[in-house]
Amino acid sequence: MTNSDKNQNSKQGQGVNAPEGSKAPPGTPASLLAKKELASFPAPVLDRYENAFEKLSGRLAEETCEQWASEGLEIVRKTVRSWEAAAEFFEASVAVQRQLPSGQFLKWAKTGTSLCADSPSLAVAYFKSSPGAMLRLRPRYIDDWANVCRALYRGTWKSSALSCRLFEATPTLLETISFEEFCHFGEFLEVLSRRSYDQAGDALGAGCDLFPKISGDVDRFINLAQIVAEKSWRETASLFDSATASLIELGPQHRAPLITLARRLAVTGVSDASGVLKDGANTLNRVPTETRDRLLEMTDGVAAVSAPAAPEFLRVVPNVLERVTFEQMAQWQSDGLRAARDNDEAAVSYFKLESARSQEMLDSLSSSIELSRVREIILMYCMALTGRSIDIQAAQGLAEKNIGWFQGELPTTEGTTIYMPSVINRYTTKDENFGFFKVISTHQVGHIEFGSFTFNFVTPSNLFDDLRPRLPGARELEAARTADEEARKKASQQPEVVIFGHETPDNANIPTVAESEPAPEEKKLEFLTDMGRFFDLFHERRLALDAFTVLESSRIDGHVAGLYPGITAMYNVVRSAALESRPDVTDLPAREALVEFMVRVSLGQVDNMLVPSEHKEAARKLRRLIRTVTSEEASVEDGAEAAIRAYSILIDIKNEELDDEDFEQLDPEEDEQSSDSGDDEDVVDPESVIQQFMGQPSPDGESGDDSPDGQDDQTSEGESEEDYSSPQDVDYRGEFKPELSQLLSQMQLMENDEFSESGEMEPITQEQLEEMMKNAPEMELEQTEGDKDGEQQASEMLENLMKELQKRDPENQQFQPGPMQHVDEDGGPLNATEPDTYTYPEWDFRANEYKPDWCMIHEKIMTDGEPNFFRDTLAENASLLAQIKRQFELVIPEMYRKQKRLEDGEEHDLDAVLEAVIDLHAGVSPDERLYWRRNKNERSVAVAFLLDMSASTAEAIDEAKKPSDDWGAPDDPVEYMVWLRSRRSEGMRRTYKRIVDVEKEGITLLVNSLETLGDTYGIFGFSGYGRENVEFYTIKDLDEKFSDIVPRRIDRIAPLHATRMGPAIRHTIAKLAEVDARSRFLFLISDGRPQDRGYSREGVEKEYAVHDTRQALVEARQDGITPFCLTVDKAGHDYMKTMMEDFSYEVLPDISLLPVRLPQLYRNLTT
Amino acid sequence: MATKQEYTERNVQDYFISEEPFYVPTSDEIEIFESAYRQRIPVLLKGPTGTGKTRFVEHMAWRLSEGLTPRNSGENSRNGTSAKLPLITVACHEDLTASDLVGRYLLDADGTRWIDGPLTRAVKYGGICYLDEIVEARKDTTVIIHPLTDHRRTLTIDKLGTVIDAAEGFLLVVSYNPGYQNALKDLKHSTRQRFVALEFDFPDEEHEAQIISHESGCDTDVAEQLARLGLKIRNLKDHGLEEGASTRMLIYAGRLISEGVSQRRACQVSVTWGITDDPQVQRSIDEVVTSIFA
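Residues numbered from 1 in each chain as written. Chains lettered and ligands numbered in written order. Predicted model: local features only at pLDDT ≥ 70, side-chain atom pairs only at ≥ 80, totals over all residues. Heavy atoms only, no water.

Visitor: I'd like a rundown of the overall build of chain B, residues and numbers included.
Guide: Within chain B, the secondary structure is distributed over 12 helices and 9 strands. Across the 294 residues of chain B, 53% fall into the buried class. Long-range contacts, defined here as pairs at least 24 residues apart, represent 72% of the contacts in chain B between residues at least 6 apart. (Helix = DSSP H or I, 4+ residues; strand = E, 2+ residues; numbered from the N terminus. Buried < 20%, exposed > 50% of the residue type's maximum accessible area, 1.4 Å probe, protein only. Contact = heavy atoms within 4.5 Å.)

Visitor: Summarise a nonpolar patch on the surface; cite the residues concerned and give the values.
Guide: Taken together, the side chains of Leu910(A), Leu914(A) and Ile918(A) present a nonpolar region at the surface, about 330 Å² in accessible area. Position of Leu914(A) relative to the elements: it lies in helix H39 (residues 910-922). (Patch = residues over 30% accessible without salt bridge, like charges linked within 9 Å, V, L, I, M, F, W, Y side chains within 5 Å. Areas by Shrake-Rupley, 256 points an atom, 1.4 Å probe, with all protein chains shown as cover. Salt bridge = Lys/Arg side-chain N within 4 Å of Asp/Glu carboxyl O.)

Visitor: Break down the pattern of salt bridges for me, with residues and values.
Guide: Residues and elements named next belong to chain A. Under the defined criterion, the tally for this structure stands at 44 salt bridges over all chains. A salt bridge links Arg375 to Glu376; its shortest N-O distance comes to 3.4 Å. Judged by relative accessible area, which is 35%, Glu376 ranks as partly exposed. Among the ionic pairs, Asp557 bridges to Arg575, the shortest N-O distance being 3.3 Å. Of the two residues, Asp557 sits in helix H27 (residues 541-563) while Arg575 sits in helix H28 (residues 568-580), which places them 18 residues apart along the sequence. Judged by relative accessible area, which is 15%, Arg575 ranks as buried. Connected via shared salt-bridge partners are Asp466, Arg468, Glu641 and Arg645.

Visitor: Give me the lowdown on the pairing of strand E3 (residues 103-108) of chain B, citing residues and values where you can.
Guide: Residue and element names in this part refer to chain B. Judged from the 6 bridges that link them, E3 and strand E4 (residues 111-116) form a sheet pairing that is antiparallel. Bridge pairing in E4 links Arg104 to Ile115. Connecting E3 to the antiparallel partner E4 that follows it, the hairpin turn spans 2 residues. (Pairing = 2+ DSSP bridges.)

Visitor: Describe the sheet that holds strand E17 (residues 1121-1127) of chain A, with residues and values.
Guide: Residue and element names in this part refer to chain A. Strand order in this open sheet of 8 strands is E8-E9-E15-E14-E13-E16-E17-E18, and the pairing throughout is mixed. The open sheet terminates on both sides in strands that have one partner only, identified here as strand E8 (837-844) and strand E18 (1144-1147). The mean inter-strand angle of the sheet, taken between neighbouring strand axes irrespective of direction, is 25 degrees. Pairing of strand E13 (residues 941-948) with strand E16 (residues 1079-1086), which is carried by 7 bridges, proceeds in the parallel orientation. In the strand pairing of E16, Ala942 is matched with Arg1080. Sheet strands in contact with helix H43 (residues 1061-1073) are E8, strand E9 (849-861), E13, strand E14 (1016-1024), strand E15 (1030-1036), E16 and E17, and its direction is about 155 degrees off that of E16. (Axes fitted to C-alpha atoms, helices over the stretch in contact; angles between N-to-C directions.)

Visitor: Residues and numbers for helix H7 (residues 120-136) of chain A, please.
Guide: Residue and element names in this part refer to chain A. Between the first and last C-alpha of H7 there are 24 Å, a value that for 17 residues agrees with the 24 Å anticipated at 1.5 Å per step. The principal kink in H7, of about 55 degrees, is found at Ser130, preceding the proline Pro131 by one to four residues. The set of residues buried in H7 consists of Pro120, Leu122, Ala123, Val124, Ala125, Tyr126, Phe127, Ser129, Ser130, Ala133 and Met134. (Expected span 1.5 Å × (residues − 1). Bend = angle between axes of the 7 residues up to and from the residue.)

Visitor: Which residues make up the packing of aromatic side chains, and what are the values?
Guide: All names here are of chain A. Taken as a whole, this structure holds 43 aromatic pairs over all chains when the rule is applied. Summarising the aromatic geometry, the rings of Phe89 and Phe127 are spaced 5.0 Å apart at their centres and angled 55 degrees between planes, so their arrangement reads as tilted. Taken together, the residues span a long stretch of sequence, with Phe89 in helix H5 (residues 82-99) and Phe127 in helix H7 at a distance of 38 residues. Grouping residues by exposure puts Phe89 and Phe127 together as buried. Arranged with centres 5.3 Å apart and planes meeting at 75 degrees, the rings of Trp108 and Phe127 form a pair that is edge-to-face. (Phe/Tyr/Trp six-rings, centres within 6.5 Å; stacked < 30°, edge-to-face > 60°.)

Visitor: Could you give an account of unusual backbone geometry, with specific residues and numbers?
Guide: Residues and elements named next belong to chain B. Even without being glycine, Arg40 reaches a positive phi, approximately 55 degrees. With respect to the helices and strands, Arg40 occurs in the loop between helix H1 (29-39) and strand E1 (43-46). In this model, Arg153 sits at a positive phi of 50 degrees, which is unusual for a non-glycine residue. Within the secondary structure layout, Arg153 lies in the loop between helix H6 (139-143) and strand E6 (154-157). The class for Arg153 is buried, based on a relative accessible area of 17%.

What follows is the structure, given as structure tokens:
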């Protein structure tokens, strides 16, 4: 640029700028003026100006340039701080000018100037972001852009910051969104910023991140965001969060409909859009792509019927699809739509899977079977088979206990409880799936029925020559050897002698050895279980366990087949399925191949039996062993004997890799049977087995895993030898842990005297357990052995096991309240697993439906207190008591009233007969009603008193506010005296008396009188907190005789928590239903309306509880129980009318009347 | 008006048991009963329903008749004369009154007419009177049997104002099922201590199979399976069932099977549905049935 150019520029600008240059003398070019004036501002302003001027003057017409300069001057002059804006203006001008025609350029500058008039910082942001924004922004939108951003500015610092941020974000935003979308976004921010600038700022930031990732749906999303901002602005943050988290994952094809759906629901204002997005995306991602469109359509369908139900539907779909196919789910959905026609509540509870209809529908559609649904059936089935009290639990529970079982999916048992997978979905029909449950339970219960865990080391077997007593135990061997070694050591003074090619480094067995040192021969080895003693015979414990497992399982299967022919068909189906999933024999090394062969034989495979050619004879023997134990006479001891033989065969087989051609078909069994069937000769020669066991190396103290050094003396060339690993579990047989199970079930068996011969069992010490865990092959931890993790896990397991044993010790059994579990009100049905817990449904009056298994009752026996309260109350109310008693005694003769003039009866009624005879003689037709009968209304009454023990009963009674004397006074003079006296005596008691005390008094007096009547009665208290913790206290059970303990329990009635009446009433109904009585009553004594955490729905708070209680009372009546409600709530009348509509109830005007009124009411009600 | 026909007196011969009732003794109950009879000590049979109490009494009545009638004099026995021992059974129920046992006046056109009750008949004739499920009867009813069960061996009929001495052959046998465990339905001590008590329980699997097979005519395999079913179901007593499956029930199942009804169905109708109304328990029992029967 030359000087002449500059001059030209300034000259040309002169005329135009003249009116604007206010301070400068007229005629001075703006550019020169600027130079002069800008010098008074901080240096960067002038620098930038000069820099920009230099560049621009070359590119712009002089006039334009002057205009530009004067624009700059104007900015600078606006306010004190506007020089900063000017600096940015000059800075940005160069870049902006390149993209804009000069007209637009000046317009741009003017827009900036006007922004600066509002706030210099806006202008700063405007100019700063302009170069970037101009890249994407059409020049004609500049004004709009500035306006959109400016709209956020409301003169406050926060608003200006937000506005600036939007300016600054513009270049980034416009990279991905159109200007139109940008405008919408701005509008959204404007709406939101009215509520909260922070939220708007966050949304702006989140939008910048989000929009590039959901291009194409931005407008849609902004639209949604706008609605959310209007409806519930607080949720915008979570909306952006969940959009960022979930929408991105979702393909563009399903994103749009989902956002539309969310928008539609948001418009109705009933759902949170962020949840819809999150759940929707989550659900959509979990269903196959091709079904996603349908799913969205279905959600739309739900939304059309009931908007609040749609989000629930979206959320629950993955759960539903776990149980049914997509098509079935569609059926479930359309049934839901029908159910939903009634109202939103019904729809919500249907699609939340809370309503019974929904669950039943799903259940009928699904072919899978959940354990929780069939648990009772299976439980009784198992109890029928075994005749023992057995429990059924989900297998996951056992694995979580961490006491030695690891598989959460396989069925198993520890001798008292059968653990099962929580859901079976293997087959296409319910029947088959149930059949599978039945097969696994029959097999597991077979272990109990056929005594797998009652193994006794010394009990003779039925089919074999017993080898067990003749074999030396491994530890005995070890002890003998160590003694030997010691002797040699002493002789030669040579340390570290290696015997049998086997080293014993400092391992855990040393202490044992040291102990047994003095007299190794006499040392009586202690085993926790007979099973442990048995496995101690083997060096390769894992192999022994595997052999025993197969043989024992075969034995069980054999017994089942013999005794339960009906189940054979399903059993075979399961077995052949199990066979199909077995590994290929030819892939296994020799020893494992033979074990696998055993498994296959035990599963009933007959043809196509591949075995290593070398070991055909061994295979044949193993097969015969399995056949032997499947006979009906076989006992667990036979299984053990067979295991010894199988072990002796297997241990001789090197576990070497074999080629496919090394395998051969084993000839079918018939051929072999013809040759040696019928003879009782042992499969293997017992003597050689004994020899073999004598020669086996001592165990190395580790849990019997194959350590190559352990076999060195047997297999000199061990190079081709593979480490032995156990066969794959057979799914229906599950994990079999004989030693552990025997240990755990011993406690229970002892109780049943089945183990009486072993006498008192010493408490098991931690050391003993540790020892067992080291030795028992089944306690091996998978793949973690040796390292730190494994050790830690082992010690944890030890601890758990110890606890488990203590729990099982019958002497230790006490009621230990479990940890309070808190269940979300939105959660699903509860499952009563612990003893003395029961679940009950709850009535949702809005949905007009029960929520199944919604509340859990924890039944507890009230703890004992002091008998004083009872005694004192009786003493203080002696006269009232006598009165009540007299009243009650009058009831008794009423039972013996004669009914006369009956057509049939016990005897002739003499008067009637005389009349009849007279009539006959007179020729009149006689009255046929000639008989009398004793009134059949024998008193047969059962009554349950249900006391409210809610916290509100702690309220003190205002003694001063007693009603006036005539109020509530009985008319009968005698009663009146009593009433008066009782009131006086009450007055003498301590002044501070609580409602609950009066309840107690009433009960005390009544109990005493009830004993005269001989009615069956029970006293219960209830309270609780939340639907999962409804506490139900038994003070006196219905079938319990009155004893000293009852008064003690009455003493402990005290105010506790909340009042959830429904479940307590239902539980009482269940109790009354078991009583055989002609008339049954439920006496509810409460101090107010039912209430509890979550015992309500939003907005319908009070009615919900009242309706549920009412429903419970209706149920009582359906069961032939007469409910009666006595309340002391002064404000009780209004809700009592709803709750007790057509039931009897009484609202006491004064709580202190309760002890008098209660017996009266009782008498009136029951006679 | 009560009519004559309802109360026509049956000949005591109708109560004779002429064919040997099938009974498999589980212990020495036959010998005990014979001794008790010789000493005329009343007998109390305890045990759950369907364990063969009634059958046992029938068997004993027959057996004792055989004893009374020397076997060689076959003609006598065929004539059914006095040597036979009749068995009169009364099923007690909660409305059973004393007059139901002793007798009552009936009304006819000419006035009243007395008719003996079953107990009176047995006392007069000298047979075994068997009161089945005695606890079901009203308490006052049981008192009238007291004089019959001790050394007096008399029956007072206060309506007639007479006292009857029991005939030589008379013996009172009562049965009751202690399983109900209901205080109301317990036998009074003054009553129960007048009897020697024989306890009945379900026979073991082997014996039961034998009984089922004999009674129902089904083959031994089925009988064994039925016996096994019985055993399994009895395991559920107090775990959902109030009573175990009776042998009688199993026999019914066996009979239906002999009739050609499928095994599972026969068990369902005669055992499962008979034993309980609880659908869940029914389902469980059904599962046991389907496990045992193909």
